[in-house]
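Chain and residue survey
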Amino acid sequence: VRADALDLDIAGTRLRVICEDPAALAALRSALSDQLIDEPAPVGFAMCVPPDASKFHVLLDRSGLVLARVQRSEEGLAVLGSHLGALLPPPAGTVRIRARAILPDDSTAALVAFPLAFRQPLIERRLERASLRVVDRPVVDVGPDMTLQMAASPWPGLSGLPVPAGHAPAPVEPTPIGVVLVPQLKRSEPTQSDLVAHLAALTLPGASHTERLGLAEALLREQLAVVRLDDPAALYAALQR
Amino acid sequence: VSTGDEEGSAQAQGDAVFDALVPRARDDVLVRRYDDGVVAWSPISPRPLPLEPLSDAVLNLLDGEVSAGDLVADLAAVLEVGDPVARDVLRRELWLLEDAGMLTTSLTTVMSDREHEVFPAPPDP
């Protein structure tokens, strides 16, 4: 399969998207025409076509983490479009944190703190079986009232595509955080100060240190689950509780 | 003069310089206290640092008036150890705090070269 690529500048971040599917690449080029640049950019994402019809299209980020395994390339583009939205600035008044949001339903969200859900791929079939959907963003924007307040991706050519099972675009309505999953970083139970420092370190510059520590403290007041990093099943079990 | 004597003399000179140091903590470090510990965040550091009780105590003492020598004496009394051990403890605490951007000046010029050794601990017998 011949891979082609396009280079983008999204809000000052330059990145390359490698795509093995010519039709998907053309759709991507059309949807992101305002972001196209001529200079080669560092690889950001890669979309690989299946070797045969029985396999999945796979979307990877630059670390090699599988972001989606989908039946059709349009579904992969939908996931990619949502991920690209993370390169845009967070909505005013929110604090951005490196975490995944998982939606057990439409009314609440689980916040899964890095590096949980970043070291091993989330498996669509397991998400579906548990009636869960992962928000396709590597960051979460949280408002002062502890709700997700995320902006939709602004590319209709991508956001209008069918979203695959087990996935969700960033919710545009404020969504309360029902539970926070944090990694077990030490053998012993983490202390509150350990967790505050860990969560605050995951927040991104843009908010003040006071706001970032405040978010970490507020997240710890939510229902909390400490999840082992070396046990992928533990993440799903915690999400289903 | 034996090599050991030279090393001892150099160490004594280094200790004397270190003891004369008057370290000062930045006054804009954000400190939050919790039931089980302390988190401190310098405005020039990308991430906060959970502080052990000893680090927290040292940070609070760095007012720009107390010398490292005085702190060594205090630590030796509190920890019930000799001055050399207390000095090593203080050096490590100051390195930690400096690395986290919590001091007003760099300590590099007054620190012992021992801090830069690849294997600072003595070999097992």
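Data block above holds the structure.
The following refers to the structure shown. As the structure is a prediction and not an experimental result, all values here were calculated from the model.

Take the layout of surface pockets next. Empty space left among the atoms is revealed by rolling a probe the size of a water molecule over them. Residues and elements named next belong to chain A. In this structure, the largest pocket spans a volume of roughly 560 Å³. Along its surface, the largest pocket is lined by 20 residues, and Phe 45, Asp 61, Arg 62, Leu 87 and Pro 138 are the ones closest to its centre. Listed by contribution, the elements that provide at least two residues to the lining of the largest pocket are strand 2 (13-19) and strand 3 (43-48). The residue inventory of the lining of the largest pocket, partitioned by class, reads 11 nonpolar, 4 polar and 5 charged. Roughly 270 Å³ of internal volume is contained in the second largest pocket. Taken together, 19 residues make up the lining of the second largest pocket; nearest its centre are Gly 93, Thr 94, Val 95, Ala 207 and Glu 211.

Mapping A:Thr175 onto the fold places it in strand 13 (residues 175-183). Separated by 2.9 Å, the side chain of A:Thr175 and the backbone oxygen of A:Glu173 make a polar contact.

Take the pairing of strand 8 (residues 109-113) of chain A next. Residue and element names in this part refer to chain A. Judged by how many residues are buried, strand 8 sits mostly within the fold: 5 of 5 residues are covered. The alternating pattern of strand 8 places Ala 109, Leu 111 and Ala 113 on one face and Ala 110 and Val 112 on the opposite face, and all of these are buried. One ladder, built from 4 bridges, connects strand 7 (residues 99-103) with strand 8; its direction is antiparallel. Paired with Ile 102 across the bridge in strand 8 is Ala 110. What sits between strand 7 and strand 8 in their antiparallel hairpin is a turn of 5 residues. Note: strand 8 against strand 13, 4 bridges, orientation parallel. Directly across from Leu 111, in strand 13, lies its bridge partner Val 180.

By definition, the strands of a sheet pair up through backbone hydrogen bonds, in either a parallel or an antiparallel sense. Here 3 strands make up an open sheet; going across it, the order is 1-2-3 (chain B) and the pairing antiparallel. Every other strand in the sheet has two partners, leaving strand 1 (30-34) and strand 3 (49-51) of chain B as the edge strands with one partner each. Each strand axis lies, on average, 25° off the axis of its neighbour in the sheet, ignoring direction. Across 3 bridges, strand 2 (residues 37-41) of chain B lies against strand 3 of chain B in antiparallel orientation. Paired with B:Val39 across the strands is B:Pro50, a residue of strand 3 of chain B. Against the sheet, helix 5 (residues 192-202) of chain A touches strand 1, strand 2 and strand 3 of chain B, its axis set at about 25° to strand 2 of chain B. Across the sheet, helix 2 (residues 53-61) of chain B is in contact with strand 1, strand 2 and strand 3 of chain B; its angle to strand 3 of chain B comes to roughly 95°.

Once that is clear, we can look at the pattern of salt bridges. Residues and elements named next belong to chain B. Applying the stated criterion to the full structure yields 12 salt bridges over all chains. As a salt-bridge pair, Asp 15 and Arg 87 come within 3.6 Å of each other at their nearest N and O atoms. Of the two residues, Asp 15 sits in helix 1 (residues 3-20) while Arg 87 sits in helix 4 (residues 83-99), which places them 72 residues apart along the sequence. This pair shows no difference in class: Asp 15 is buried, exactly as Arg 87 is.

With that settled, consider the interface of chain A and chain B. With 14 residues of chain A at the contact, the number on the chain B side is 16 residues. Interface area, chain A with chain B, both sides summed: about 1,200 Å², of which 64% is carbon and sulfur. For the chain A face of the interface with chain B, the top three residues by lost area are A:Ser193, A:His209 and A:Leu213, together amounting to 42%. On inspection of chain A and its partner chain B, the count reaches 1 salt bridge. In this structure, A:Glu217 engages B:Arg32 in a salt bridge whose closest nitrogen and oxygen atoms are separated by 2.6 Å. Where chain A packs against chain B, one counts 4 residue pairs in polar contact (both at pLDDT 80 or more). Only helix 5 and helix 6 (209-220) of chain A provide two or more residues apiece to the side of chain A that touches chain B. Ranked by the residues each element gives to the side of chain A that touches chain B, the list is headed by helix 5 of chain A, at 7 residues. Looking at side-chain class alone, the side of chain A that touches chain B contains 5 nonpolar, 6 polar and 3 charged residues.

All names here are of chain A. If you look at the biggest cluster of nonpolar residues, it comprises 36 residues, and the most contacted ones within it are Ile 97, Leu 111, Val 140, Val 142, Leu 199 and Leu 219. Here Val 142 is in contact with Gly 93, Thr 94, Val 95, Ile 97, Leu 111, Thr 147, Ile 177 and Leu 215, once residues within four sequence places are set aside. By size, the runner-up hydrophobic cluster in this structure holds 26 residues, among which are Leu 15, Val 17, Ala 24 and Ala 78.

Turning next to the environment of A:Pro154. Residue and element names in this part refer to chain A. Tracing the sequence through the fold places Pro 154 in the loop between strand 11 (147-148) and helix 4 (156-159). Using a relative accessible area of 47% as the deciding quantity, one classes Pro 154 as partly exposed. On a C-alpha basis, the gap between Pro 154 and Ala 31 in space is 9.9 Å, while along the polypeptide they are 123 residues apart.

Definitions and limits used
Residues numbered from 1 in each chain as written. Chains lettered and ligands numbered in written order. Predicted model: local features only at pLDDT ≥ 70, side-chain atom pairs only at ≥ 80, totals over all residues. Heavy atoms only, no water. 1 Å grid on protein atoms, 1.4 Å probe; cavity = no way out; pocket = protein on both sides within 12 Å on 5 of 7 lines; lining within 4 Å. Points joined across faces, edges and corners; volume = space filled by probe spheres on them. Helix = DSSP H or I, 4+ residues; strand = E, 2+ residues; numbered from the N terminus. Nonpolar A, V, L, I, M, F, W, Y, C, P; charged D, E, K, R; others polar. Polar contact = N/O pair within 3.5 Å; in protein donor to acceptor, adjacent residues only side chain to side chain. Buried < 20%, exposed > 50% of the residue type's maximum accessible area, 1.4 Å probe, protein only. Pairing = 2+ DSSP bridges. Axes fitted to C-alpha atoms, helices over the stretch in contact; angles between N-to-C directions. Contact = heavy atoms within 4.5 Å. Salt bridge = Lys/Arg side-chain N within 4 Å of Asp/Glu carboxyl O. Buried area = accessible area lost by both parts, 1.4 Å probe. Core = buried A, V, L, I, M, F, W, Y, C linked by side-chain atoms within 4.5 Å.

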